[in-house]
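Each chain is listed here by its residues.
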Amino acid sequence: MEDADELKSIHRSGTNIMSFFDDNDKEYELQKQQSAAEVKKDEHLKSVELLKTLIQERGTKSDLTRIIAVGLLIETTDFLNIPPDRKKMLKENMNWCNTQYEKYKNEN
């Protein structure tokens, strides 16, 4: 197994056939990152949907409007290439969502 790890660390782009394997490795890593980004996006959307349901039952119209806007923000965000300002905005809104969830959950 250690030999396999050593072989992976060797730069193989010196020959055409080996550059094919390098490209495959890069493509595989990109696919893993894209999958992780999609999973994260789906998790955020599920959380927002749960909160939206709670707000529809017990919340205010302004909270409902904001949670819908947060959902749209998540849907339009590219989690693989998220810019720092969008990341900050998303984090602030998810913190707000967590606060609202605790508020509405405790009203029960």
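Being a predicted model, the structure only gives us computed values, none of them experimental.

**Student:** Would you mind going over the nonpolar core with me for this structure?
**Tutor:** One recurring pattern in soluble globular proteins: nonpolar side chains tend to sit buried together. Counting 15 residues, the largest nonpolar core has Val48, Ile67, Ile74 and Cys97 as its most contacted members. The set of elements that each furnish at least two residues to this core consists of helix H2 (16-58), helix H3 (61-75) and helix H4 (84-106). When near neighbours in sequence (up to four residues on either side) are disregarded, Ile67 contacts Val48, Leu51, Lys52, Ile55, Trp96 and Cys97.

**Student:** How do you make sense of the confidence of the model for the chain when you look at a structure like this?
**Tutor:** Low pLDDT means the predicted coordinates in that region are not meant to be read closely. Overall, the predicted model of the chain reaches an average pLDDT of 85, with 81% of residues at or above 70. Averaged pLDDT values for the elements of the chain fall to 59 in helix H1 (residues 2-9) and rise to 95 in H3.

**Student:** I tried to follow H4 on my own but got confused; where do I start?
**Tutor:** Working note: α-helix, 3.6 residues per turn, so residues spaced by three or four point in the same direction. The end-to-end C-alpha separation of H4 is 33 Å, in line with the 33 Å expected for 23 residues at 1.5 Å each. Residues of H4 that are buried include every one of Leu90, Asn93, Met94, Trp96, Cys97, Gln100 and Tyr104, and no others.

**Student:** Can you walk me through the packing of H3 against H4 in this structure?
**Tutor:** Packed helices, taken two at a time, are described by the angle between their axes plus the distance between the axes. In the contact formed by H3 and H4, the axes pass within 11 Å of each other and the chain directions differ by 140°. The angle between H3 and H4 falls in the class oblique. H4 is crossed by H3, and the crossing has left-handed handedness. On the side of H3, the interface is formed by Asp63, Arg66, Ile67, Val70, Leu73 and Ile74, while H4 contributes Arg86, Met89, Leu90, Asn93, Met94, Trp96, Cys97, Gln100, Lys103 and Tyr104. A breakdown of the residues in the contact of H3 with H4 according to their chemical character gives 10 nonpolar, 2 polar and 4 charged.

**Student:** What should I look at first to understand the pattern of salt bridges in this one?
**Tutor:** Pairing is possible between side chains that carry opposite charge, provided their charged atoms lie close to one another. For the structure on display, the rule yields 3 salt bridges. Notably, a salt bridge pairs Glu29 with Lys32, separated by 3.4 Å at the nearest N-O pair. Of this pair, Glu29 and Lys32 are both found in helix H2, 3 residues apart, which corresponds to roughly one turn of the helix. Measuring nitrogen to oxygen at the nearest pair gives 3.8 Å for the salt bridge that ties Glu102 to Lys105. A residue pair is termed a helical-turn pair when its members lie 3 or 4 positions apart in one helix, as Glu102 and Lys105 do in helix H4 at 3 residues. Lys105 sits in the partly exposed class, given a relative accessible area of 39%.

Calculation notes
Residues numbered from 1 in each chain as written. Predicted model: local features only at pLDDT ≥ 70, side-chain atom pairs only at ≥ 80, totals over all residues. Heavy atoms only, no water. Core = buried A, V, L, I, M, F, W, Y, C linked by side-chain atoms within 4.5 Å. Buried < 20%, exposed > 50% of the residue type's maximum accessible area, 1.4 Å probe, protein only. Helix = DSSP H or I, 4+ residues; strand = E, 2+ residues; numbered from the N terminus. Contact = heavy atoms within 4.5 Å. pLDDT = per-residue confidence, 0-100. Expected span 1.5 Å × (residues − 1). Axes fitted to C-alpha atoms, helices over the stretch in contact; angles between N-to-C directions. Parallel < 35°, antiparallel > 145°, perpendicular 65-115°, else oblique. Left-handed = near helix turned anticlockwise from the far one by under 90°. Nonpolar A, V, L, I, M, F, W, Y, C, P; charged D, E, K, R; others polar. Salt bridge = Lys/Arg side-chain N within 4 Å of Asp/Glu carboxyl O.

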